[in-house]
Each structure stands twice: as structure tokens, then as C-alpha cells.
Amino acid sequence: MEGLLFKVLLLVCLWSRSYGTGFQLEGNITIYGMFPLHNVGYTIATKPQLADCIRGTVNSHGYFLVQGLRYAVEEINNNNRLLPGVILGYQVYDTCSLRASILGTVNLLAQQYNRVKMKSGAIALIGPDSSTYCFISAAALGSILMPEISYEASNELLSNRQLYPSFFRTIPSDKNQVKAMLEILVRYNWTWIALLGSDNSYGLQGMLSLSQQASDYNICIAYQAVIPRLGTDTQQRMQNIVKNIIKTKVNTIVVFSSKRIASGFFPFVIEQNVTGKVWIGTEDWSVATLVSQIPGISTIGTVLGVSVKYTIFNGFQDFVKQAITKPTSNSLSAMSLPCLQDSYLYGMAQHSLSEYDISSSFNVYRAVYAVAQALHQALRCDYEKCQNTEIQPWQLLQYLKQVRISIRNTTLFFDQYGNPPTGYDIVTWQWINKTWSLKMVGSFISEPPNLQVDASQIQWMPESRCSPECPYGNRELQIGQHKCCFKCIECPASTFLNKTGSTSCQPCNKDQWSPSGSEDCLQRTILYLRWDDLLGNALLILLALTLLLTLGTTLIFLLNLNTPVVKSAGGRTCLLMLLSLIIAACSSLCLFSKPSRASCIFRKSLFIFSFNICLTCMTVRAFQVVCIFKWSAKLPKFYDTWAKNRGPDIFILVTTLVEFFICVLGASLNTPLPSADYNFYFDSIVLECSKTMVVMLPQILYVSILTVICFCLSYMGKDLPANYSEAKCITFSLMIYIISWITFFTTYSVNRGTLSMALEVVAVLFSVLGILGGYFFPKVYIIILQPKKNTTAHFQNCIQMYTMAKQ
């Protein structure tokens, strides 16, 4: 009887080995598992066929995944508090190829539709490992709402709840993996990259997602290609991919590939002697010994990988060591079958556990516990027994969505898309004496995005840019279709740039300036005439001298008011002229310091008004002289009428009032206000008064007309007696006045700095000094130095000589 039982078990074992079935354990409730115990090469077949899994290469990683399942099941069965009175069983299927995974899915569906022939149908699926394999199982099992929890499938498309309503996973989706990769590229400024993806849904979807988001991170993809499965017809394509990577001169290559396809690609990289590169790897191949054990792969450069977060899995290593010799105590374990104790299984067990194996096995372990916790709720279990004894997969699904458990210091729950709240470890390859090892150098959390990497732990970090970084003060001008390829252009004046990677320069603030190619701005110089600088002091000295001469002349004329010289110059009118000159000179004080509302109103109008009074008096005096000597014979009564009716005083008053009205009207309609001119100089701010020319223009025109009249009357009297001929003196005075203001306005049109401000003060003072020097100083000279000419007899003698000359 025992011999017959052994033969039956042996036949079952042989059948299972032929079609990919591995370990199994009977129980009240069964969990179905899909694990890659073997790898069967990809072949193109003309008709559907399933290769024998045992003839493929042994995959020790898959063996350790199975042990993770067994470890969890044994813990749960030995813990009567989680599922009291319920024995959890499992059935493992070897997904050595895509066809094998399809057959495994069909086998699982068959159990659901033929439950009368089975002692216990599967309640949930753990696996498979590949996203490509998961699409088939997730779609098929989704139709009957059977829960499926993958431990390594990360394709983002599997998060679609409409297509895959019962799919879960204990590994983050590729959406987060893409984020982590992009953050790594940004952290080390690798903006010129090549992007490769494996020719399956995992690689194609990941490559598409990364390429779509790259531009948002200012990353340019210089070359993009799909890595085919290794075969005799794809070797040339592999070689061309490597050649194109070399041709584009990128130093960073992102490889979004499954480990099976990546293991077929890297031998071509080694063959063409590609070295000194940085390879950014996905969680599937960057930690897989299937890739790291390729001969010569240590020469390709630095490998930075995104790995599923490592968790300490105490007790698992001891369990794995005992599994090959110690059968399960509570039921007949497949480990005790002769067919599973042959050389290939023994060889699997002899491989040492890597961190990759432990992480993936822990994800299997968590998946089993998630199913057990959901069963605990669905079967209405307490700590003594479970109320229900039967459950359908679709009933379990709703409880699995609500699972939230703490396992080995980690928390597991699933979001609305079936994804867990886990991050990634950032790992790098290390070679010590040609021995490969993984080293964790950082971590990544997706919400909120946070990347931490210790760059000192990474051996080689080359630059990978299309164009070198522009120095500060230079913007980027794109060349060609890639924004990462550019030339550097200096920022123009009044702009700056204190960062790299910008295509436009920042304007300086209004009160700042900068030369071209600047990385920061300088404060503009504020231009106004200061009291305390050297130029201001010199002008104040000139003003003091002018006032001193004017006051001195006023005093001399006041003391000699009744002398013939003073009378012939205008008498008391001369005092009014000198007073207006004093006011005109003092008006220059309004040109000093920062403009204020009062100074803006008076700085020009006060000078023009006061100087207008002086010119009016000179015009009246010239008119009187001409009337006496030229027009007395032709118009004998005109001058007497003019003089008796106070014509000079009325003319001076009316002329002054007209000028005053013009000044007041102009200031009222267009009140000059303090303003700052930012446009005349790019590095300075000119403090001045607004609307000055608008207000001054009518006044200037009025004074100009008066000046011309005064000059003409003076010129008409050029042949009068010397004591009364003022043509030369007045012409000299007016020429100084005119030249001073022409010089100022010419300079003002090209210069608004302190030079033009100083010239305006000089023009005011020189206008005053011109009248003093041309009109008053000759008379002062006679009064002080030639008193003999300041007599009535001398003046009468001059008049008689003029009359005799005319006759």
C-alpha cells in the first residue's frame, strides 16, 4: 500500500514538473502562488507549445520567494490566534515563461469552475513576479473578482481598477519608481541621457512615463531605444543600440528593463568596451544577480539602482537553511517528495541569500499575511475559532481592501489603486576583489517626494550634459531641438542672472543697475547738487562773491544816489535793478540739495521773474535816453507826457505783473514736482523737477522778447554822449547772459549729472555778474576812481559837444 502511494505521488510530481507546478500543501483554504523557479529562453514558435520548465536555467531567487510563502504559511498555521481552527494551504506554480504563467492562470480558473473535483479551491493568488505575466492573470482573475497580490510587478497600468479590479501588490508602482529616477537625475544634474526600455509592458510603460515627464525636470533624452529579447535575429539590434549610445556621448543611461531582457543586453555593452558610464537601473534588474553575475560587467561603470525598501527579516535565513532537510510538521509537504529533493532543488537551496532575495521574499511574506488578515475578518474569527468555514474569492476581496496590519515593524495597507505605502532604497554596485555586493546609499519617499543620497558612497559620478553650464551672468540660448544643448549669451546691461539653467535674464530693480554679464545688481548713484562736496563748495563761494559784489554796488549807489552818474544810470531805478539781481543770485540756492516741492516751484521761476525786473528797468532807461536825444525834436511833447504821467514806473509795474501772471499761471496748470529720471543714465538716478520746460517756455519767450527790445534800444543810442551811451555795456551784459544759458542748455541736452546742475548755477550767477560788470561796474569805477567825471559840469560839457557834433 505504501509503495502504491509513493508511485502515485511520484507520478503527480513528474506531471507537475512537466507543466511547471512546484510545492504544495493541503489545507482548509488554499493560496495559489506563481514563482519563477526556472528561466526558459524566449523562442518564436509556429504553434502554441509549452517548453519544459525543468529544462530551463535554475532561478534560485524564485526558490527563495517560495520559501517566503512557506515561512508565512507555517507561522500563520502555528499561530492559532489569527485563523484558529483553519489550516492555510498553498499550491505553487513555476512561471518559467509567459506560456507557463498563462497555463498556471488557466489551471487556477479551472479550479474555480470545477470545485466539485477539488478538496479546496484557491482563494487568492500570490504573484507572479513579472508585470507582463500579471496582465494576463489580473485580467482573468478580475473577471471573477479573485484577489491577486504581486510581490514584484510594478507596472503603473496595473493600477487601473476598471481593468484589474482585484489586483494588489506589495511593491510600489512604477509611477513612484519613475519619480525616484527623475529625482536622481536632477540631484546630480544629469540632463543629457539615453533611455532604454525592455520590449515588454514593464519596460515600454516605464520608458513612456519617464520620457513624458523628463521635460518637466529639464532633462533631455538624447537617444531612446527598446531592448528586444535576446535571439539570433536581435543581436544586430543590440549592437546598434550600444553604438548609438557611444555616438550620442551621453554619460548617463537609464535602463527601464526587466532582469531577463537586461541580462541579454549587457553582454553587448561589455563586448563594445563601454566604460565610465552611469547606469540608472530599475528595481527589477539593478539588484538581480542574473545581471550582476554577467562576466566582465564590473567594467561598465557605476550602477545606481532603485530598489524595493529593505526590511530586516529575522528568522527567514534560518528557515531557508532548514527547509531542505526538515519537512513541515502539520501536513505532507512537497519538500518531502523525492522529486523535489533532486539535484536542481538542492542546487537552489545552496545559493546564499542576497538582500534582493530577502526584500522580495519579505514582500511575499507580507502578501500572505494580508490574505490571512482579510480571511480573519471575512471568516469572523476571534481568538478561539472562526464563525464561518467557507468563503468565496469575491467575498474576500472587500476585506482585503480594508486590510491594515503591522508586520515586522512595517505597516501594510492598500490605497484605492491597490498600491502599498512604501518607498525605495537607492543602491549601488560595489566590486571588492571582483566580488559583487550591493550597498545602500540613499532612500526615496514618494509622498511628499524626498530623495536622500550619500554621494560620498558612490565611486564614480561623471557629468552628463549636452552643453557646459553657463557662468553666472549668462543666459542659455537653445541650439537645435534639445533645450539642453545651448550656447551662453551675456545678459545685457541693467539685467542680471545669479543662477544657471535660465533662458532669460532678470531685470534689475528700478533703483539698481548692472553692466553686461552681471550676476547681481548695483545700487544706482543718485545725482543732485550737494552742499558738502567740492563742486558745491566752489559754487557757494562763487555765489557769496556775487552777492558781495552786488551788495557792495548797491551800497555805493545808495550813498551816491544824487550824483550825476547814478541819476544818468536810472537813479532810484538802479536800486530796484540791484535788488532784483540779489534775488536772482539767491534763486540759485534752490538748485542745491534734493528737489522739494517749494524748490521746484521757485528754482527757475524766481530767477526769470527777478531777472525780468532788471531787464525791464534797463529797457526803460534805454528808452528814456533815446527819447531825449533822438526823438525830442520829432516828438517834443511825448517824453514830457511820458515822464509827467510816471510812464517808466507804470511800464515796469505792468511788465512785472505780466511776468508774474505768466509764472503763476504756468505753476498752477503744470506744477513742477520733485521727480527722478531713471532713463537718462542706466547707472544713475537724476533727481530733478518734472514739467520744468513746460512752465519755463512762456517765461523764457517773454524775457527773450524783452531782451531783444532792450538790445535794440541800446543799439539805437550807440552814438550818444559817452556818459549816456550804454550800447557796448548792455551788449556785453546780454552776451554773457545769453552765452551762459546756451552753454547750460547745450550741456543739459547731453548731460543730466552734477555737471549740468553746476552749469545752471553758473549760468544764473554769470547772468547777474554780466549785468553788474557791463552796466554797473563802469559807473562804480567813475564814482570811486574818477570822481571828476561825476559832476554836473562834466555831463553838460559832454551834452554840448554831442550837440555841436550833430550840427
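Residues numbered from 1 in each chain as written. Predicted model: local features only at pLDDT ≥ 70, side-chain atom pairs only at ≥ 80, totals over all residues. Heavy atoms only, no water.

As recorded in an unreviewed UniProt entry, the protein goes by the name G-protein coupled receptors family 3 profile domain-containing protein, listed as coming from Tachysurus vachellii. The record held by UniProt for the protein lists under Subcellular location (unreviewed entry) the comment "Cell membrane". (UniProt positions renumbered as here; feature names shortened; annotations may be inferred.)

S.K.: Outline the overall build of the protein, listing residues and values.
M.R.: Counting its regular elements, the protein contains 23 helices and 27 strands. For the protein, buried positions account for 52% of its 807 residues. (Helix = DSSP H or I, 4+ residues; strand = E, 2+ residues; numbered from the N terminus. Buried < 20%, exposed > 50% of the residue type's maximum accessible area, 1.4 Å probe, protein only.)

S.K.: Describe in detail the state of the cysteines, supporting the description with residues and values.
M.R.: This structure, assessed with the given rule, holds seven disulfides. The disulfide partner of Cys491 is Cys505, and the gap between their sulfur atoms is 2.0 Å. Measuring the twist about the S-S bond at about -85 degrees, one finds the Cys491-Cys505 disulfide to be left-handed. Here the residue Cys491 occupies a position in the loop between strand E20 (486–490) and strand E21 (495–496), and Cys505 occupies one in the loop between E21 and strand E22 (506–507), the gap between them amounting to 14 residues. Cys505 matches Cys491 in its accessibility class, with the two residues each being buried. In this model Cys600 forms its disulfide with Cys689; the gap between the sulfur atoms is 2.0 Å. An S-S torsion of about -80 degrees defines the bridge between Cys600 and Cys689 as left-handed. Of the two residues, Cys600 is situated in helix H17 (residues 597–631) and Cys689 in strand E27 (residues 684–689); the sequence distance between them amounts to 89 residues. (Disulfide = S-S within 2.5 Å.)

S.K.: So, the UniProt feature "transmembrane region" (unreviewed entry) in the protein: which residues are in play, and what are the values?
M.R.: The sites that carry the UniProt feature "transmembrane region" (unreviewed entry) are, in the present numbering, residues 534–561, 573–594, 606–629, 650–669, 700–717, 729–750 and 756–777. Secondary structure across residues 573–594 divides into 64% helix and 0% strand, with the first and last C-alpha atoms of the span separated by 36 Å. End-to-end, the C-alpha atoms of residues 650–669 are 28 Å apart, and along that stretch the chain is 100% helix and 0% strand.

S.K.: Residues and numbers for the pattern of salt bridges, please.
M.R.: Where side chains of opposite charge bring their charged atoms close, a pairing between them can arise. Enumeration according to the criterion identifies nine salt bridges in this entry. Note that Asp129 and Arg260 form a salt bridge whose closest N and O atoms lie 3.4 Å from each other. Of the two residues, Asp129 is situated in the loop between strand E6 (122–126) and helix H4 (131–142) and Arg260 in helix H8 (residues 259–271); the sequence distance between them amounts to 131 residues. Relative accessible area serves as the criterion here: at 22%, Arg260 is assigned to the partly exposed category. Taking the shortest distance from any N to any O, the salt bridge between Lys259 and Asp284 comes out at 3.1 Å. (Salt bridge = Lys/Arg side-chain N within 4 Å of Asp/Glu carboxyl O.)

S.K.: Describe the environment of Ser668, with residues and values.
M.R.: Secondary-structure assignment places Ser668 in helix H19 (residues 647–669). Taking the relative accessible area as the measure of exposure, Ser668 reaches 54% and is therefore exposed. In this structure the C-alpha to C-alpha distance between Ser668 and Ile601, which are 67 residues apart in sequence, comes to 9.8 Å.

S.K.: Explain the sheet that holds strand E13 (residues 301–308) to me, and be specific about the residues and the numbers.
M.R.: Taken together, eight strands build an open sheet; the order of strands is E10-E9-E11-E12-E13-E16-E17-E18 and the sheet is mixed. The outermost strands of the open sheet, each flanked by one partner alone, are strand E10 (220–227) and strand E18 (450–453). Looking at each pair of strands side by side, their axes are set apart by 25 degrees on average, direction ignored. Of the strand pairs in this sheet, strand E9 (residues 192–198) and E10 are connected by seven bridges, and their pairing is parallel. Bridge pairing in E10 links Trp192 to Cys220. Against the sheet, helix H5 (residues 174–187) engages E9, strand E11 (252–256), strand E12 (277–281), E13, strand E16 (424–432), strand E17 (435–445) and E18, with an angle of about 175 degrees to E11. (Pairing = 2+ DSSP bridges. Axes fitted to C-alpha atoms, helices over the stretch in contact; angles between N-to-C directions. Contact = heavy atoms within 4.5 Å.)

S.K.: Requested: an account of the nonpolar core, with residues and values cited.
M.R.: Judged by nonpolar contacts, the single largest core of 56 residues is most densely connected at Leu83, Ile126 and Leu375. A total of 13 residues in this core trace back to one element, the largest contributor, which is helix H12 (residues 355–378). Contact partners of Leu375, with chain neighbours within four places excluded, come to Ile29, Leu83, Leu88, Ile123, Arg380, Cys381, Ile391 and Leu396. Among the nonpolar cores identified, the runner-up in size contains 53 residues, and Leu591, Ala758, Ile771 and Tyr775 belong to it. (Core = buried A, V, L, I, M, F, W, Y, C linked by side-chain atoms within 4.5 Å.)

S.K.: Any chance you could break down the side chain of Asn200 for me, citing the residues and the numbers?
M.R.: Within the fold, Asn200 resides in the loop between E9 and helix H6 (201–214). At 2.7 Å, the side chain of Asn200 and the side chain of Ser198 are in polar contact. (Polar contact = N/O pair within 3.5 Å; in protein donor to acceptor, adjacent residues only side chain to side chain.)

S.K.: Outline the sheet that holds strand E26 (residues 674–677), listing residues and values.
M.R.: Taking strand neighbours across the sheet as the criterion, the three strands line up as E25-E27-E26 in an open arrangement whose pairing is mixed. The open sheet terminates on both sides in strands that have one partner only, identified here as strand E25 (525–527) and E26. Pairwise comparison of adjacent strand axes, ignoring direction, gives a mean angle of 25 degrees for this sheet. Direction of pairing for E25 relative to E27: parallel, over a ladder of three bridges. The residue bridging Thr525 from the neighbouring strand is Ser684, located in E27.

S.K.: Describe in detail the packing of aromatic side chains, supporting the description with residues and values.
M.R.: Per the stated rule, a full pass over the model turns up 34 aromatic pairs. Measuring from ring centre to ring centre gives 5.3 Å for Tyr188 and Trp190, while their planes differ by 35 degrees; the resulting arrangement is tilted. With 5.2 Å between their ring centres and 75 degrees between their planes, Phe313 and Phe362 make a pair best called edge-to-face. Remark: Phe362 occurs in helix H12 and Phe313 occurs in the loop between E13 and helix H10 (316–323); sequence separation between them is 49 residues. For Phe362, a relative accessible area of 3% corresponds to the buried category. What links up through ring pairs into an aromatic cluster is the set Tyr71, Phe313, Phe316, Phe319, Phe362, Tyr365 and Tyr369. (Phe/Tyr/Trp six-rings, centres within 6.5 Å; stacked < 30°, edge-to-face > 60°.)

S.K.: So what's going on with the environment of Ile312? Residues and values would help.
M.R.: Along the chain, Ile312 falls in the loop between E13 and H10. For Ile312, a relative accessible area of 56% translates into the label exposed. Between the C-alpha atoms of Ile312 and Ile358, which are 46 residues apart in sequence, the distance is 8.2 Å.

S.K.: Residues and numbers for a nonpolar patch on the surface, please.
M.R.: A contiguous nonpolar surface patch, about 270 Å² in accessible area, is contributed by Leu98, Ile102, Leu103 and Val106. Mapped onto the elements of the fold, Ile102 is located in helix H3 (residues 98–113). (Patch = residues over 30% accessible without salt bridge, like charges linked within 9 Å, V, L, I, M, F, W, Y side chains within 5 Å. Areas by Shrake-Rupley, 256 points an atom, 1.4 Å probe, with all protein chains shown as cover.)

S.K.: Residues and numbers for the environment of Phe745, please.
M.R.: Mapping Phe745 onto the fold places it in helix H21 (residues 727–750). Judged by its relative accessible area of 29%, Phe745 falls in the partly exposed class. Counting along the chain gives 18 residues from Phe745 to Ala763, while the straight-line C-alpha distance between them is 9.9 Å.

S.K.: So what's going on with the packing of H5 against H6? Which residues, and what values?
M.R.: Running from N to C, H5 and H6 point in directions that differ by 50 degrees, and their axes come no closer than 10 Å. Regarding the angle of H5 to H6, the classification is oblique. The chirality of how H5 crosses H6 is right-handed. From H5, Asp174, Gln177, Val178, Met181 and Leu182 reach across to H6, where they touch Tyr202, Gly206, Ser209, Leu210, Gln213 and Ala214. Grouping the amino acids of the contact of H5 with H6 by side-chain chemistry returns six nonpolar, four polar and one charged. (Parallel < 35°, antiparallel > 145°, perpendicular 65-115°, else oblique. Left-handed = near helix turned anticlockwise from the far one by under 90°. Nonpolar A, V, L, I, M, F, W, Y, C, P; charged D, E, K, R; others polar.)

S.K.: Break down the confidence of the model for the protein for me, citing the residues and quoting the values.
M.R.: Of all residues in the protein, 86% attain a pLDDT of 70 or more, and the chain-wide mean is 82. Note that residues 1–22 has pLDDT below 50 and, in this model, 25 contacts with residues that lie over four places away or in other chains. (pLDDT = per-residue confidence, 0-100.)

S.K.: Before we move on, can you summarise the side chain of Asn419 with the specific residues and values?
M.R.: Mapping Asn419 onto the fold places it in the loop between strand E15 (410–413) and E16. Note on Asn419: relative accessible area 9%, which makes it buried. A polar atom in the side chain of Asn419 sits 2.7 Å from the side chain of Arg169. The residues contacting Asn419, other than those within four sequence positions of it, are Ser159, Arg169, Ser173, Phe413 and Phe414.

S.K.: Give me unusual backbone geometry: which residues, what numbers.
M.R.: Between Gly127 and Pro128 the backbone carries a cis peptide bond, its omega angle lying at -10 degrees. Assignment of secondary structure puts Pro128 in the loop between E6 and H4. Of note, Leu145 is a non-glycine position whose phi angle comes to about 55 degrees, a positive value. Here Leu145 lies in the loop between H4 and strand E7 (148–150). The phi angle at Lys249 is positive, at roughly 60 degrees, despite the residue not being glycine. Checked against the element boundaries, Lys249 lands in the loop between helix H7 (235–248) and E11. On the basis of relative accessibility, which here comes to 68%, the residue Lys249 falls in the exposed class.

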